[in-house]
Structures are given as C-alpha cells and as structure tokens.
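Secondary and tertiary structure notes
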Amino acid sequence: MALWLMGVAGLVALMVVVGGITRLTESGLSIVYWKPVSGILPPLSQAAWEAEFALYRTSPEYMIVNQGMSLGEFQVIYWWEYGHRLLGRLIGLAFAVPLLGFALARRIPQGYGPRLLGLLALGGAQGIMGWYMVQSGLVDEPEVSQYRLAAHFMLAMAIFAALMWTALDLLRPQGDPPAHAARASRPAVWVAAALLALIAVQLCAGAFVAGLKAGHVYNTWPLMGDRWLPFALWDLRPAWVNVFENPATVQFVHRMTGYVLVAASLGAGWWMVRRDEPVAGTALALAGVCLLQMTLGIATLLAHVPVALGAAHQAGGVAVLTLGVILLHRSLPAREPAHERQPQPGS
C-alpha cells in the first residue's frame, strides 16, 4: 500500500509540473467546457477539431489575445490542456481502483480507511477546483483568478503531502529501530514543523506570482530594477491587498520568503548537526534543496521565465515539500501501525 500511495504521489507531482507547463504555454483556457466523462476523448476527426476550434473562438482569450490563430496553433495549446486533464483522470483511477481492490481484499489497516476515503474526496474536489479556476478566465478577461489558481495549486500540494505522509506511516519501521529512526528531541520536532509551515507559505506565494505573472515584472537580481524596494510596492488600497493583487509586491514577498526559507533551513541543519539529532542528515538535505531551488528561481527570473526553467522551478517546489514532509515525519515519535498492534490481554 505504501508503494501504491507513493506512486500516486509521483503522478500528482507530474500533474503539478504539467500544470505549470500548461500555464506557461498559455494553454489552460483552450478547452472552454468541463465534461468529466464525455470529455475523456479528444477530437478524432477534422470535423471534430473544427467544432472544438469554433468553441474556442467564442472565448475571451481568442477574441482578445489570439485573434487569427490557426487551427494548427490551437491544437498545440489544446493538447497541453487536454493532457493535464487526462492525467487528472488517470490519477483518480490510479487511486480509486487499487483502493477498491484493497477494500475488497480486507487489506486496509485499521484506522486508515477514513484517511484514504478523505484523500479520494480531496481528489474529486481538486477536479472541481480546477474547473472553477478555468471558469474565471472565460468570462470577460482571459486571465484566471490568482486566488483560484493558488487554491488549486495548494490543494494539489496538500494532496501530495497527505499521500506521502500516509505512505510514510505505513513504512514506519517496527521492532528495534535503526539509528535513523531514533526519536528526535521535542525542539527538533517544532523546528521541523516550522520549516514545513514556511515551505507552505513560500509555495502559496509562488502560486500568486504565477497567477499574476509577476515573474515578468522585475527580471533583475538582487535588486528589483535599480532598487531594493520596488516602486508601487503599496500602491493599492487597502494596503493588504497589495500582497495578493500587486505584481510588484507579490514578487517581492516571494523573494523575501525565499530568503527566509533558505536561511531557516540552513540554520536548522547546522543546529541539528550540532545537537546530533537523528534527523540532521534529512535537515541538511532539505537545506541543500532549498538553496538549489532559490538558485533555480533566480535563473528563471533572469531568463524572463522560459517554459523549461519555469517547469523545473515548479518541480523544485515539489522536491522541497517532499523533504519537508519527510523531515517532520521522521522527527515525530514512532507509532505502531494499527495493523501490527497486538491485542491486549482480556480484549
């Protein structure tokens, strides 16, 4: 079961990267309807392609941005969005079918059934959230709401983290634990939890950068233009709106939280090594990946967000989250899984 859940988590990670490419290639609004069942098949004839293209030509994106686009050009963006949606359906099957098989075989450990059903429900909610996001770009302006995009992305990250956490619970070693499974100190647990929370904040900030295309506003580093603090940082009213709706502020926040995360991860790694914490190696690995991710983010920014670097940066975010989840999970005291607990005398 653990290997199955990790495999599904890998598919979710791939889905996140494909979703990033779909956004970076501006393909996300190419399919203007949501048909969870009948939409599985793509156009299979010239007439079907013409009908699909006719639907797209009624959308704000075509009329405002892509007027005069050829059918061949439309097919390029269509295939990215279709692939993204198809992968979502495949993930649903990859989770639901084995889950049913484990249930029928009575192989689901005690206490895991509600958790797995909750994950299945979250997967369905993610499909609905994806369409809710796309709808926001089919009304007047061909831009999806950054709030809906952030919700869609963070729900995907939550599903990924929950899949990994559940798999790690199932893999928790029993009996005489090896050295790496020794209990971390309570302060180390809090440090790991704080790092994971900071990772979540940084991922959410990155989603707002993507939603507002804020990566195209200031393509210099370390300064933003010729200043440390960009112009128009607090132009919107009320002031708090700038954090979510002002591209300059959103990029600034993403930079600052990135610096904080790298500094915190490096400090945590050093601190855990000094204290000889059993999770020190994982903490150092997290610090290294955070540093690499920051470097990749800077390169993406300086290159004006090309598709390849943008997709790699999105994959890097998944890698950072993976190590953050592993660090916190390994820091917590081992719990004996329900399926291996011995009945108490007299029970």
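Residues numbered from 1 in each chain as written. Predicted model: local features only at pLDDT ≥ 70, side-chain atom pairs only at ≥ 80, totals over all residues. Heavy atoms only, no water.

Quick word on the environment of Leu261
- Topologically, Leu261 is positioned in helix α9 (residues 247-274).
- For Leu261, a relative accessible area of 7% puts it in the buried group.
- Considered as a pair, Leu261 and Leu291 are 30 residues apart in the sequence and their alpha carbons are 9.0 Å apart.
- Residues contacting Leu261, with those up to four places away along its chain left out, are Leu195, Leu198, Ile199, Gln202, Cys290 and Val320. (Helix = DSSP H or I, 4+ residues; strand = E, 2+ residues; numbered from the N terminus. Buried < 20%, exposed > 50% of the residue type's maximum accessible area, 1.4 Å probe, protein only. Contact = heavy atoms within 4.5 Å.)

Digging into the environment of Glu50
- Take Glu50: it is sitting in helix α2 (residues 46-56).
- Along the primary structure Glu50 and Leu71 are separated by 21 residues, whereas in three dimensions their C-alpha atoms are 7.7 Å apart.

Some remarks on α2
- Every buried residue belonging to α2 is among Trp49, Glu52, Phe53 and Tyr56, and all of these are buried. Down the axis of α2, the buried set is contained in an arc of 100 degrees. They therefore lie on one face. (Arc of directions from axis to C-beta.)

Points about the nonpolar core
- One finds Phe95, Leu163 and Leu321 to be the most contacted residues of the largest nonpolar core, which totals 69 residues.
- Elements supplying a minimum of two residues to this core: α1 (2-24), α4 (71-104), α5 (113-135), α6 (146-171), α7 (186-212), α9, α10 (280-302) and α11 (307-331).
- The element best represented in this core is α6, accounting for 14 residues.
- Filtering out sequence-adjacent residues up to four positions away, Leu163 remains in contact with Leu5, Val8, Ala9, Val12, Phe95 and Leu119.
- By size, the runner-up hydrophobic cluster in this structure holds 11 residues, among which are Ile31, Trp49, Phe53 and Tyr62. (Core = buried A, V, L, I, M, F, W, Y, C linked by side-chain atoms within 4.5 Å.)

Focus on the packing of aromatic side chains
- Here the structure, examined in full by the defined rule, presents 17 aromatic pairs.
- Ring geometry for Trp49 against Trp79: centres 5.5 Å apart, planes inclined by 65 degrees, an arrangement best described as edge-to-face. Linking Trp49 in helix α2 with Trp79 in helix α4, this pair joins segments that are 30 residues apart in sequence.
- Ring geometry for Tyr147 versus Phe208: centroids 5.7 Å apart, planes at 85 degrees, classification edge-to-face. Here Phe208 lies in helix α7 and Tyr147 lies in helix α6, a separation of 61 residues in the sequence.
- Within the aromatic cluster, the residues linked to one another by ring pairs are Trp49, Phe53, Tyr56, Tyr62, Phe74, Tyr78, Trp79 and Tyr82.
- Just above the ring of Phe53 sits the side chain of Arg57; from NZ or CZ to the centre is 4.6 Å. (Phe/Tyr/Trp six-rings, centres within 6.5 Å; stacked < 30°, edge-to-face > 60°. Lys NZ or Arg CZ within 6 Å of the ring centre and 35° of its normal.)

Read these as geometric descriptors, not functional statements.
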